[in-house]
Amino acid sequence: MRIETALGEALARVAPTESQSPWFPRYVGHELDFCGEVLGLANSSGASTLWAAQRHMVRALWQHKRVVVRACRSSGKSFAAGAIASLALYTAPTRVLLLAPTMGHLRDMVWAELATIWRGARVKLRGDLLATSLRIDEKHSVLGIPCKNPDRIRGYHAGVVVPDDPDVAVDWDATLAPVVSSATEHGMRLVIIIDEPEAIDPEVFRVLRGSMGKPNVYVLMIGNPTLGLDDQHDYVSACKPGSGWHRIKITAFPDAEFPDPLDADVTFDAVPSYLITREARLEARRMHDALDPIFLSDWLGQFAPGSVVRSIIPRHILDGALAIHRRPALGPRIGADIGAHHDPTVLSLFFDGEKIEEYEHRADRDDAEALMTVAGLILAYSVRWGADLVELYPERWDGQPIPGNRISIDDSGMVGVCDRLAQQGIYTDRVNFGARPAGMWLSLVGQQRCKNARAEMYWCARRGLQEGIFCIPQRFSRSWEQLQWARFDREIGKDGPLILLEPKEDIIARHGRSPDHADADVLAMRETAPISVPIHTGAPVLMRMHGQRRLRRQKR
């Protein structure tokens, strides 16, 4: 009863009336008390429901003015950003800029946290909460701005509602400069909160850089260190010693267990289990090497060494797969990358996760005759390779043709190949690289999401190679070369980070050709339904292509 009475008295003291100021100046210097007593981020005993790192972020911003946080995923940093934006607006006359990489991230992640906190406050707060703005009046507000591309349109000025189109960008000089000037000239505080700064165009920082040192400007950057230590980016620079920023690091594992070449002013390595479970940590250890850039950024809060140019399947993964391949009973799989516009058609054969053979065919033109030829080649090699496999794996295959549901074909290359095969009763796995992910190999990828089917296939291939499910002998030199070409990045979506691959056009521009052998390989490494034809039962080989070289087991 005493606790409830004390809480009621505290609320009565701070609750403003219609004639009073919308601000709560008594909480300047006592921002954590504001979080508990006004925003309701405290339990019935008055203890804060923010965990230690979040509480430190609240205190540090007002003490140090420039604070940068590099954190593992799911550590509560977006929630802390929402709380800080709210308390900044209501403790003193303030303008808050909340920047995020995209409109989707802003609206579904950071702004959703701010809105939840604002609506759940114990005291009714003045202001109008809209999709990306919270306004007390025209001068005092939280304005959310997406930063996807700062160069596409011009003419948006301070005070205009940000458009909902996630592809719309902002003229940063026209938008931010008046906001900064207005705040500094009128003596109000300007608080800039930058969420996921690693994904924001450096041009945004160019505009902000001149205002960050002003006496009434406070800046908080909170992100995931997906960049490299040598990358030229303001977020990386701010996290280094001597930057003038207060540097906070949050990691999901004990800091002493995984030494970090970059120190921090304060490190938190005890993320509560309600944010990151013990099971999730164990799964992360199982799925990732300690030097994997994904493990470094998503779990340790560390930047990768050097400059990050991420090959989705680097050479060390291909090397390691040869040593740990465990020959799972996957049976035969064919991947077919269909060439168009003078690109070759490449067929790739895997058996029990190991690449066994490949075939390349170049068509003279893209027409109905070429379509028939390519469809015929796929059918012929399903028969030939199915027959030859019985000599390599007599206990695992009886020589039947490889069935259509174990042949994955790039249906976006030469459209109509799959239709022609279907007319002959061969129903293949049709793949559109730009389609939505199919949710394959969940046992390998866990909760990691991908942008499209192409990114999903490459990511699944990466994980399968890392886990010893697949391997590619070194004699397939074009596969080894091309699998290292594709670079990946991560885009912040409404449900978290998405893996995406660079456009194939960029790969072609850099290397002079399309990665056809690599594409055929990842198609062959797609997850497949169980084997639907019998293994060897002593029956004779059914068919053999006359005059063609049979497969031979070769050393890797």
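As the structure is a prediction and not an experimental result, all values here were calculated from the model. (Residues numbered from 1 in each chain as written. Predicted model: local features only at pLDDT ≥ 70, side-chain atom pairs only at ≥ 80, totals over all residues. Heavy atoms only, no water.)

## Considering the overall build of the protein chain
Broken down by element type, the protein chain carries 18 helices and 17 strands. Partitioning the contacts of the protein chain with sequence separation of at least 6, the portion at a separation of at least 24 is 69%. When the accessible surface of the protein chain is summed, it comes to about 23,700 Å², and 52% of that surface belongs to carbon and sulfur atoms. (Helix = DSSP H or I, 4+ residues; strand = E, 2+ residues; numbered from the N terminus. Contact = heavy atoms within 4.5 Å. Areas by Shrake-Rupley, 256 points an atom, 1.4 Å probe, with all protein chains shown as cover.)

## Things to note about the packing of aromatic side chains
Following the criterion strictly, the structure yields 15 aromatic pairs and no others. A centroid spacing of 5.6 Å and a plane angle of 70° characterise the contact between F24 and F34, whose relative ring orientation is edge-to-face. Note that F24 is positioned in the loop between helix 1 (2-14) and helix 2 (31-37) and F34 in helix 2, a separation of 10 residues in sequence. Looking at F34, the relative accessible area reads 0%, which means it is buried. In textbook terms, an aromatic cluster arises when at least three aromatic residues are bridged by ring pairs, as seen for F253, F258, F295 and W299. Stacked on the ring of Y218, the Lys or Arg K65 has its end atom at 5.4 Å from the ring centre. Between the NZ or CZ atom of R310 and the centre of the ring of F488, over which it lies, the distance is 5.6 Å. (Phe/Tyr/Trp six-rings, centres within 6.5 Å; stacked < 30°, edge-to-face > 60°. Buried < 20%, exposed > 50% of the residue type's maximum accessible area, 1.4 Å probe, protein only. Lys NZ or Arg CZ within 6 Å of the ring centre and 35° of its normal.)

## Structural notes on the sheet that holds strand 13 (residues 407-410)
Overall, mixed pairing links the five strands, which are arranged 12-11-10-13-14 in an open sheet. Both outer strands of the open sheet, strand 12 (354-361) and strand 14 (429-431), are each paired with one neighbouring strand and no more. Adjacent strand axes in the sheet meet at a mean angle of 15°, parallel and antiparallel pairs treated alike. By the bridge criterion, three bridges tie strand 13 to strand 14 in an arrangement that is parallel. Counterpart to I409 in the pairing with strand 14 is R430. Sheet strands in contact with helix 18 (residues 516-524) are strand 10 (332-337), strand 11 (345-351), strand 12, strand 13 and strand 14, and its direction is about 145° off that of strand 10. (Pairing = 2+ DSSP bridges. Axes fitted to C-alpha atoms, helices over the stretch in contact; angles between N-to-C directions.)

## Quick notes on the sheet that holds strand 5 (residues 141-146)
Judged by pairing direction, the sheet is mixed, and its nine strands sit side by side in the order 3-4-5-2-6-7-1-8-9 without closing on themselves. What marks the edges here is a single partner per strand, and that holds for strand 3 (128-129) and strand 9 (266-268). Bridge analysis of strand 6 (residues 189-195) against strand 7 (residues 217-223) gives six bridges, and the strand direction is parallel. Bridge assignment links D195 to a residue of strand 7, and that residue is I222. Contacts from helix 3 (residues 52-64) reach strand 1 (66-71), strand 6, strand 7, strand 8 (246-250) and strand 9 within the one sheet, and its direction differs from that of strand 8 by about 170°. Seen against the sheet, helix 5 (residues 103-119) touches strand 2 (94-100), strand 3, strand 4 (133-135), strand 5 and strand 6 and runs at an angle of roughly 160° to strand 5.

## Quick look at the confidence of the model for the protein chain
For the protein chain, mean pLDDT is 83; residues scoring 70 or higher make up 83% of the total. Taken together, the stretch residues 1-13 has pLDDT below 50 and engages in eight contacts with residues farther than four places along the chain or on a different chain. Considering only residues more than four positions removed or in separate chains, one finds that residues 532-556, a stretch of pLDDT under 50, has 62 contacts. (pLDDT = per-residue confidence, 0-100.)

## A closer look at the packing of helix 4 (residues 77-91) against helix 5
For the pair helix 4 and helix 5, interaxial distance at closest approach is 8 Å and the crossing angle is 55°. Judged on the interaxial angle alone, helix 5 and helix 4 are oblique. Seen along the crossing, helix 4 lies across helix 5 with a hand that is right-handed. Packed against helix 4, whose contacting residues are S78, F79, A81, G82, A83, A85, S86 and Y90, the element helix 5 presents V110, E113, L114, I117 and W118 at the interface. Here the contact of helix 4 with helix 5 is composed, by residue class, of nine nonpolar, three polar and one charged. (Parallel < 35°, antiparallel > 145°, perpendicular 65-115°, else oblique. Left-handed = near helix turned anticlockwise from the far one by under 90°. Nonpolar A, V, L, I, M, F, W, Y, C, P; charged D, E, K, R; others polar.)

## Digging into the environment of L500
Of note, L500 is situated in strand 17 (residues 496-501). With sequence-adjacent residues up to four places away left out, L500 is seen in contact with K451, A455, R487, F488, D489, R490 and E491.

## Notes on the pattern of salt bridges
Taken as a whole, this structure holds 31 salt bridges when the rule is applied. Its salt-bridge partner being D419, residue R430 comes within 2.6 Å of it at the nearest N-O pair. Here R430, found in strand 14, pairs with D419, found in helix 13 (residues 417-423); they are 11 residues apart in sequence, far enough to count as distant. D419 sits in the partly exposed class, given a relative accessible area of 37%. Sharing partners across several salt bridges, the network here consists of K355, E358, E360, R362, R478 and D521. (Salt bridge = Lys/Arg side-chain N within 4 Å of Asp/Glu carboxyl O.)

## Points about the packing of helix 3 against helix 4
The interhelical angle for the contact between helix 3 and helix 4, taken along N-to-C directions, is 40°, at an axis separation of 10 Å. Accordingly, the angle class assigned to the pair helix 3 and helix 4 is oblique. Along this stretch, helix 3 crosses helix 4, giving a crossing that reads as right-handed. Together, Q54, M57, V58, L61 and W62 of helix 3 and K77, F79, A80, I84, L87 and A88 of helix 4 make up the contact between the two elements.

## Focus on the side chain of R406
For R406, the location among the structural elements is in the loop between helix 12 (368-392) and strand 13. Despite its burial, R406 pairs with no opposite charge; the closest candidate is D352, at 6.8 Å N-O. Among the polar contacts listed, one links the side chain of R406 to the backbone oxygen of P332, at a separation of 2.8 Å. (Lys, Arg positive; Asp, Glu negative; His and termini not counted. Polar contact = N/O pair within 3.5 Å; in protein donor to acceptor, adjacent residues only side chain to side chain.)

## A word on the pairing of strand 7
The buried count for strand 7 comes to seven of seven residues, which makes it a mostly enclosed element. The alternating pattern of strand 7 places V217, V219, M221 and G223 and Y218, L220 and I222 on opposite faces, both of which are buried. Pairing between strand 1 and strand 7: five bridges, direction parallel. Following the sheet pairing, V68 is matched in strand 7 by M221. For the segment spanning strand 6, helix 7 (residues 202-209) and strand 7, crossover handedness is right-handed. (Right-handed = clockwise from strand over helix to strand, strands pointing away.)

## Here we look at helix 15 (residues 453-466)
Taking 1.5 Å of rise per residue, the 14 residues of helix 15 would be expected to cover 20 Å, and the 20 Å separating its terminal C-alpha atoms lies within 8% of that figure. Burial analysis of helix 15 places 13 of its 14 residues in the buried class, the great majority of the element. Where helix 15 starts, the residue carrying a side-chain oxygen 3.3 Å from the main-chain nitrogen of R454 turns out to be N452. Following helix 15 by one or two positions, G468 adopts a phi angle in the positive range, close to 80°. (Expected span 1.5 Å × (residues − 1).)

## Describing helix 18
Of all nine residues that make up helix 18, nine are buried, and the element is covered over most of its length. Inspection of helix 18 places D516, H517, A518, D519, A520, D521, V522, L523 and A524 among the buried residues, and these make up the whole buried set.

## Brief notes about the environment of A115
Along the chain, the position of A115 falls in helix 5. Each C-alpha atom, one on A115 and one on A131, is 9.2 Å from the other, the two residues being 16 residues apart in sequence.

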